[in-house]
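Report on the structure
Chain by chain, the residues run as shown.
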Amino acid sequence: NSTRETQQHETDCSLSAMTDTASVVEHVVLLKLKEGTSSSDIDRLNDCTESLCSIPGVLSASIGKIFVEDWMDDRTQGYQYALKVVLRSKEALRTYQDHPDHVKVKKECLIPILAGALAVDWESSTVSGKS
């Protein structure tokens, strides 16, 4: 098992450029992976997630293994990973969907190992905490 497989992998593309409060679009995809998906496939998926930051309007991209603690009800419905991309606007989401880098990630890194997915998008106000 790869150590990267169990840790969240996040790339901060340009969140530092945001003001303290900003409206953003959040794009979340829950992933069910095919049986037999290897740790090297997961490592590749992590690397592909980083590459999404090259797309204009992407503020951050992260992927992580979904967990269920023994004190929690299992609400995962078989989904094993969550991919989250934060974008500057709805227009940026449209650009992202058709961008060659996104299409390449889907084709080369996701589709070969994907058994199922559920994607949702929403607008939110993100408030940055003070460190």
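The paragraphs below set out a description of the structure included in this document. Not measured: the values here are computed from a predicted model.

How each quantity is defined
- Residues numbered from 1 in each chain as written.
- Predicted model: local features only at pLDDT ≥ 70, side-chain atom pairs only at ≥ 80, totals over all residues.
- Heavy atoms only, no water.
- Helix = DSSP H or I, 4+ residues; strand = E, 2+ residues; numbered from the N terminus.
- Buried < 20%, exposed > 50% of the residue type's maximum accessible area, 1.4 Å probe, protein only.
- Contact = heavy atoms within 4.5 Å.
- Areas by Shrake-Rupley, 256 points an atom, 1.4 Å probe, with all protein chains shown as cover.
- Disulfide = S-S within 2.5 Å.
- Axes fitted to C-alpha atoms, helices over the stretch in contact; angles between N-to-C directions.
- Parallel < 35°, antiparallel > 145°, perpendicular 65-115°, else oblique.
- Nonpolar A, V, L, I, M, F, W, Y, C, P; charged D, E, K, R; others polar.

Okay, the overall build of the protein chain next. Scanning the protein chain for helices and strands turns up 3 helices and 5 strands. The 131 residues of the protein chain split such that 36% are buried. The contacts of the protein chain with a sequence gap of at least 6 include a subset with a gap of at least 24, amounting to 83%. Summed over all atoms, the accessible surface of the protein chain reaches about 8100 Å², with 49% contributed by carbon and sulfur.

Turning to the state of the cysteines, a few remarks are in order. In a disulfide, the sulfur atoms of two cysteines are held together by a covalent bond. Under the definition given, this model contains 1 disulfide. Disulfide pairing is shown between Cys-48 and Cys-109; the S-S distance is 1.7 Å. Taken together, the residues Cys-48 in helix α1 (residues 39-51) and Cys-109 in helix α3 (residues 100-110) connect sequence positions 61 residues apart. Accessibility assignment for this pair places Cys-48 and Cys-109 in one class, buried.

Right, let's talk about the packing of helix α2 (residues 90-98) against α3 for a bit. Axis separation between α2 and α3 bottoms out at 5 Å; the angle between their running directions is 55°. With respect to α3, the axis of α2 lies oblique. The segment α2 lies against α3, with Tyr-96, Gln-97 and Asp-98 engaging Pro-100, His-102 and Val-103. Of the residues that constitute the contact of α2 with α3, the class distribution is 3 nonpolar, 2 polar and 1 charged.

In this section: the side chain of Thr-76. Positionally, Thr-76 belongs in the loop between β3 (58-65) and β4 (81-87). Filtering out sequence-adjacent residues up to four positions away, Thr-76 remains in contact with Ile-66 and Val-68.

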